[in-house]
Amino acid sequence: MMGNFHMRVVRTVLAIVFMGAGVVGSVSADESARRRFVEMAVGDLSVVHQLIASSHPGAIDQENKNFTDWVEKGYRQASQLALRVSSQRDAQAVLGFYISGFKDGHVGVYPARAAKSSWAGFMVDMRGEGFVVTRVAKAWPVPLPPVGSSIISCDGKAVRKILADEISPYVDRRLDLKSTWRHLARHLTVDDADAPVLARKRASNCVGFLASGVQQNFALSWQEDDGQLKDGLTQPQPPQALNNLGGGRYWVHASNFALSAADNAALERMLDTLRHIEDAKLVVLDTRGNRGGNSLVGARILSALLGEAFVESLGQSSHSYAMWRVSALALATLDSALASMQGNHEKNNDAYTFVSGMRESMNAALVGKQDWLRQPDTSSLDQGLVKDSSPVRFKGQLVLVTDSFCASACLDFADAVLAVPGATHFGLSTSGDTLYIDTGSQALPSGAQFWLPLKVWRGRVRGNNQSYDPRYIFDGDINDTSAGQKWVLGYF
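Residues numbered from 1 in each chain as written. Predicted model: local features only at pLDDT ≥ 70, side-chain atom pairs only at ≥ 80, totals over all residues. Heavy atoms only, no water.

(A) Region of interest: the overall build of the chain. Secondary structure assignment for the chain yields 14 helices and 20 strands. A buried classification covers 50% of the 492 residues belonging to the chain. Of the contacts made within the chain by residues no fewer than 6 positions apart, 73% connect residues no fewer than 24 positions apart. (Helix = DSSP H or I, 4+ residues; strand = E, 2+ residues; numbered from the N terminus. Buried < 20%, exposed > 50% of the residue type's maximum accessible area, 1.4 Å probe, protein only. Contact = heavy atoms within 4.5 Å.)

This is how it looks when you write it as structure tokens:
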């Protein structure tokens, strides 16, 4: 619920909008609709600002001045943009602008209603330092650049400049990460309903080079998606499994750390097989499609292969610890976590005991008006204590494969794998995480759901928004498992 100060801000901004528009007496239907969208943008923005200020650890983190400054600076800028909205998509774009300024991948908004994306009939990906066509529509009103063509500019502007100046401020401002450029690239010819740009001016033509080296100009025709975009916008997730490739070579798809009950059963079967492979000379841990989830899943996969004692020793040099931002949202999130455990866990379960203790400590900290609550040096919110007996350590070659979406628990897994002496990294540069983790959520006035992290790591070895760059970079389609396997195995 918005406080009195925030309600006054909303009323003041709306008054300015309506006076500036010359609203006197009756209002046209179009203007009335615009007023509703402005009100939506301002209302949602106010609640997001309030939640960031009251619940996000970055808002009071003296070690992250850029974050603390953006809380108010970004709010002022976004509030000005809110006066320009004329649609629900515009209102969502304003939230995107504010959120992207925090450069925190765990902060996000999910719209209450699905909308349609539009595109120019082809999609591009970043390959090396260039932008290459990777997907074209089955049929289109105008000629399209063939797959493999390089796009160098649109409407007279270099592709990189368009992405940095026009797309990045609303989608992802972490331009120091290679993965960010790959993700921004797809927006060049896609007006994504889930990541809209305020008052976007869609390009009318692009210049590219065909595979033959011939330069060609392509006039663009933008169309609403008829279902062809789905595969291009959704990163494939290979089924989590262990595959024996023969000759002592094993390929492990560690693609899912957010498990359902059925997924858990499949994981147990995979772990049991992994514990008993005796002829392994090469094990590839393939995280393509992994979007994070429970870090314990990755720890169990690695423990099944290397032995629990060895995996635990990998983190012994770390002196990291977690601090929770004391807030009503954190308490509500812990309450929700406890409620979800009631039907699935006994009350003497380690995870339940941990969360219950955190909940009591958080409640006391709220009553005592504390800012921070240190988490005990035990399992985190989504981790229980699981003991795997695997005394034999695999001594062959260990390989990690990542795509550009590897973040959160996937990065925790990469931390551990790459700490193993001799492990080699293949694929694409990962994404990056801030030091802020463990999310909670709240519905906004529009019905959209807002997510934000509740605690911060101190002393983590991997830095803030630091990625992992592979030793061997794949220049093809990272989603092509067959091609990727052939490429990796060619090094051994």
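(B) Layout of the side chain of Arg173. As for its position among the elements, Arg173 is in the loop between helix 5 (159-171) and helix 6 (178-185). The side chain of Arg173 sits in the buried core without any salt bridge; Asp172 is the nearest counter-charge, 7.9 Å away. A polar contact of 3.1 Å, which involves the side chain of Arg173, links it to the backbone oxygen of Pro169. Ignoring anything within four residues of it in the chain, the contact list for Arg173 reads Trp70, Phe97, Ser100, Gly101, Lys103 and Ser168. (Lys, Arg positive; Asp, Glu negative; His and termini not counted. Salt bridge = Lys/Arg side-chain N within 4 Å of Asp/Glu carboxyl O. Polar contact = N/O pair within 3.5 Å; in protein donor to acceptor, adjacent residues only side chain to side chain.)

(C) View of the pairing of strand 11 (residues 241-246). Pairing analysis gives five bridges linking strand 11 to strand 12 (residues 249-253), with the strands arranged antiparallel. Opposite Ala241, over in strand 12, you have His253 as the bridge partner. Taking the residues that link successive antiparallel strands as the turn, the strand 11-strand 12 hairpin has two residues, and the phi of Gly247 there is positive, at about 65°. (Pairing = 2+ DSSP bridges.)

(D) Structural context of the sheet that holds strand 10 (residues 223-224). Here three strands make up an open sheet; going across it, the order is 7-2-10 and the pairing antiparallel. What marks the edges here is a single partner per strand, and that holds for strand 7 (190-191) and strand 10. As judged from the two bridges shared by strand 2 (residues 118-119) and strand 7, these two strands associate in the antiparallel manner. Of the residues in strand 7, the one forming a bridge with Ser118 is Asp191.

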